[in-house]
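So the chains spell out like this:
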Amino acid sequence: MRRLLPLLALGVACQEPFDVQRKDLGPFRIAALGVVDGTAEAAVWSGLGAYHDVTPILSWSLDGQPLGEGWEVPVTGEGTLALDVTDPDGVVHRATVSVGAAPPAFTVDRAAVALGEDLSLEARRAAPAEPVDATAPSGQAMRLSLSFPGGTDAEALSLRWMSAGGQGTLLEVEPLAADVLAEEVVFDDGEVASRVDAGDGIYTQLALVLDGQGGNRWSWVDAAIGVDGALLHHEDRLLPLDADPSTGLVAVTLEESDDLWGVALTDPTPVGDLSAQQALACAPAGQPFRLAWVVQGRCTRGELLGARVVLGVR
């Protein structure tokens, strides 16, 4: 069975900027696709949560010519990059994108915003935003803003957000910024119909940047609201780990959890190198482990449970 899901339908055509309809990552889907540093990359959402229990089968082609299967498939030349992903039920999902140079890596800035009853764009833009390193106070929203290196034409870029598991509510506020609320907000014809507290915690978003010419870059970005205790930065994720990040590396043991993430990080220990890391067939050797590999399905939960890995942190 084949289901065609062009990337443009995923990223550009479904959502006008600043409308009240968020995009939720729910059922299995190819959430993002592109070429980064000459390598085909994809964000594949399992439909279970931020983990996979079955390895998705990836098959790449360029202008109809096969390139290879799996991860780290090199892409040279221009054309239409296509990805067929077979899900655990045998359904084939397809996404395509024109090959283009990816936008430069971006920085995520966080700010706490006290929003009142009025969730209109004008009211949210007028609300004072207080920069924070990790978490916003309970009852406030987290504003996530993307910034790019000098010389980048940010006005030529567009940003699409997707909420992991549909948890919380995300509302765009600027072309490269959005507010994350620890609430389930329902809109009716553009007006707030109901607001239900979703509880303090960490709300994971996929930020997908498009340049309109086939160049895409994305990152999994966490918004923490009302979270007590230490939070370490791992790429754009926030990890509740009580460990000294000064070495830039922390070893953790991966255990099963029954939440959105599916994998818990236990026994965090600062380390100075990768000697504590267990070799995994699903992960490249000689580099710190990336939690993005868990979300996208490069490493399944079953391959990871009980393993000791080293994460890059700050």
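In case you missed it, the structure is sitting above this.
Calculation rules
Residues numbered from 1 in each chain as written. Predicted model: local features only at pLDDT ≥ 70, side-chain atom pairs only at ≥ 80, totals over all residues. Heavy atoms only, no water. Helix = DSSP H or I, 4+ residues; strand = E, 2+ residues; numbered from the N terminus. Rg over C-alpha atoms; globule rule 2.2 N^0.38 Å. Buried < 20%, exposed > 50% of the residue type's maximum accessible area, 1.4 Å probe, protein only. Contact = heavy atoms within 4.5 Å. Areas by Shrake-Rupley, 256 points an atom, 1.4 Å probe, with all protein chains shown as cover. Lys, Arg positive; Asp, Glu negative; His and termini not counted. Charge placed at Lys NZ, Arg CZ, Asp CG, Glu CD. Phe/Tyr/Trp six-rings, centres within 6.5 Å; stacked < 30°, edge-to-face > 60°. Lys NZ or Arg CZ within 6 Å of the ring centre and 35° of its normal.

Visitor: When you look at the overall build of the protein in this model, what are you seeing that I'm missing?
Guide: A count of helices and strands for the protein gives four helices and 25 strands. The C-alpha atoms of the protein give a radius of gyration of 19 Å, which matches the 20 Å a tight globule of 314 residues would have. Taken over 314 residues, the protein has a buried fraction of 51%. Taking the intrachain contacts of the protein between residues at least 6 apart in sequence as the baseline, contacts between residues at least 24 apart amount to 60%. On the protein, roughly 13700 Å² of surface is accessible, and the fraction owed to carbon and sulfur atoms is 50%. Treating the 19 positive side-chain charges of the protein as one cloud and the 45 negative ones as another, the clouds have centres 4 Å apart.

Visitor: Can you help me understand the packing of aromatic side chains in this one?
Guide: Aromatic ring pairs are defined here through the distance separating the ring centres and the angle between the ring planes. The full count for this structure, using the stated rule, is three aromatic pairs. Seen in terms of ring centroids, F106 and F148 are 5.8 Å apart; in terms of plane orientation they differ by 65°. Their pairing is edge-to-face. One end of the pair, F106, is in the loop between β9 (92-98) and β10 (107-113); the other, F148, is in the loop between β13 (141-147) and β14 (158-164), and 42 residues separate them in sequence. The two residues F106 and F148 agree in class, both being buried. Seen from their ring centres, F289 and W293 are 5.4 Å apart, and the 90° between their planes marks the pair as edge-to-face. For F289, a relative accessible area of 2% translates into the label buried. With a relative accessible area of 3%, W293 lands in the buried category. Taking NZ or CZ as reference, R298 lies 5.3 Å from the ring centre of W293, over its face.

Visitor: Help me out: how do you make sense of the environment of A101 in this one?
Guide: Assignment of secondary structure puts A101 in the loop between β9 and β10. What makes A101 exposed here is its relative accessible area of 66%. Distance from A101 to E235, taken between C-alpha atoms, is 21 Å for residues 134 residues apart in sequence. Among all residues touching A101, those that are not within four sequence positions of it are D211 and G215.

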